[in-house]
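Spelled out, the chains give:
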Amino acid sequence: ADFDAKKKRKVAEIYQALNSDPIDVAALRRMAISEGGLLTDEIRCKVWPKLLSVNTDNLPPPPAGKELREDSKDYQQVLLDVRRSLRRFPPGMPDDQREVLQEELIDIILHVLKRNPQLHYYQGYHDIVVTFLLVVGDRLATALVEKLSTHHLRDFMDPTMDNTKHILNYLMPIIDQVNPEVHDFMQSAEVGTIFALSWLITWFGHVLSDFRHVVRLYDFFLACHPLMPIYFAAVIVLHREQEVLDCECDMASVHHLLSQIPQDLPYESLISKAGDLFVQFPPSELAKEAAQAAQAERTAASTFKDFELASVQQRPDTVLRQRFRERLRGEERLRGEERPKSILTKPRTNRFVKLAVMGLTVALGAAALAVVKSALEWAPKFELQIFP
């Protein structure tokens, strides 16, 4: 009963924020981040547009299919991906209903790509779009996805993977700040960050089987800085500390372990931790280490070939194993003075001071505030109106 009372109170607060003039977007962000997120799809239909500052008064008409499909260079690939997306629809849904939604899904994707020729389709994009379609319906989904694609997802939609790789490079510095032991173990295993690629580019939609968990995360990500999904990825790895450290310390084993995401994660506490970490170690502080990681990451794992393999959801273990062997042979030749200094020897500055704070979960109000503030600073190549 206590839970129901809390829920009722939260619903009332959300509607109060929606009905205030002007709409209290900061309060809506807090609600989306705090425990339980936005609670119902009915509320999401009202709040998601506000979080993305999309005006729902003049929505574009639903995209028309036929000429879109004839004109699009991406149609065949989108069609294949959408056909493969059966498990993203609710288990008991009748086939004919699902087929209608799949057609709408194709049209939304082609419509956004047609209106934004600078965006490039990638495999996994449909996992994000289908989440919006199922929650808010095709017309609103089209508007929200277009906004999201030109903002939060912009880096994934470049012609190359460079910016996506750059974002993945934040993963290890975050882990290092919180748990140097896990970080050093992963470095020794040379596992790289490919295991988190599909998490990042689908906002976990591709890897979580329970739709409720997916939309709960979307509430969180929509309310936050575009880099929040990588903090969430780090928190999942940290949560699995014991499994990681018990694993064989080699690339294939650690990659295999980490790429199988557990379905019973304690989402609320992980969301709260990701928010805390963001406040303690904002991207601006980690940027230098991420750049160093890119420098040090001349390992095979970061080459585009592997990314291609990973993104077609094949298991890159065999490739990685083969590269790992080549690398070992190379290193045997390098034994001796000229072997490069490991980046593990970098000084661990004021880590313990920061870790002392870890015990005190930052009140989410503060986290939300910091997250919103920093979102405004995140504009290497976005226009600045990511957030109102």
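These figures come from a predicted structure and were not determined experimentally.

For alanine 27, the position within the fold is in helix 2 (residues 25-33). Of the residues examined, alanine 27 reaches a relative accessible area of 7% and is grouped as buried. Sequence separation between alanine 27 and isoleucine 14 is 13 residues; the distance between their C-alpha atoms is 7.7 Å.

Soluble, globular proteins show a tendency: their nonpolar side chains are buried together. Counting residues in each nonpolar core, the largest one holds 111 residues, and the members touching the most others are Trp48, Phe204 and Phe232. In terms of residue count, helix 14 (residues 228-239) provides more of this core than any other element does, 10 residues in total. When we break this core down by domain, the ones giving at least three residues each are domain 1 (1-150) and domain 2 (161-310). For phenylalanine 204, the contacting residues outside a window of four places in its chain are Trp199, Val214, Leu217, Phe221, Pro229, Phe232, Ala233, Ile236 and Ile261.

This next bit is on the packing of aromatic side chains. One pass over the structure, following the stated rule, counts 14 aromatic pairs. Each ring, one from tyrosine 122 and one from tyrosine 125, has its centre 5.6 Å from the other, and the planes form 65°; the classification is edge-to-face. Tyrosine 125 matches tyrosine 122 in its accessibility class, with the two residues each being buried. An aromatic cluster is present here, built from Trp48, Phe132, Phe195, Trp199, Trp203, Phe204, Tyr218, Phe220, Phe221 and Phe232 joined pairwise through their rings.

As a further point, take the UniProt feature "transmembrane region" (unreviewed entry) in the chain. Taking the numbering used here, the UniProt-annotated feature "transmembrane region" (unreviewed entry) corresponds to residues 191-208, 220-238 and 352-372. The distance separating the terminal C-alpha atoms of residues 191-208 is 22 Å; by composition the span is 28% helix and 0% strand. End C-alpha to end C-alpha, residues 220-238 measures 19 Å, and it is 79% helix and 0% strand.

This next bit is on the confidence of the model for the chain. Close inspection of predicted coordinates is inappropriate for parts of the model with low pLDDT. For the chain, per-residue confidence averages 81 on the pLDDT scale, and residues scoring 70 or more make up 75% of the total. A low-confidence stretch, residues 298-319 (pLDDT under 50), is modelled with 37 contacts involving residues beyond four sequence positions or located in other chains. Under a pLDDT of 50 for its full length, residues 372-388 has, in the predicted model, 35 contacts with residues more than four places off or in other chains.

Definitions and limits used
Residues numbered from 1 in each chain as written. Predicted model: local features only at pLDDT ≥ 70, side-chain atom pairs only at ≥ 80, totals over all residues. Heavy atoms only, no water. Helix = DSSP H or I, 4+ residues; strand = E, 2+ residues; numbered from the N terminus. Buried < 20%, exposed > 50% of the residue type's maximum accessible area, 1.4 Å probe, protein only. Core = buried A, V, L, I, M, F, W, Y, C linked by side-chain atoms within 4.5 Å. Domains from an automatic or database assignment. Contact = heavy atoms within 4.5 Å. Phe/Tyr/Trp six-rings, centres within 6.5 Å; stacked < 30°, edge-to-face > 60°. UniProt positions renumbered as here; feature names shortened; annotations may be inferred. pLDDT = per-residue confidence, 0-100.

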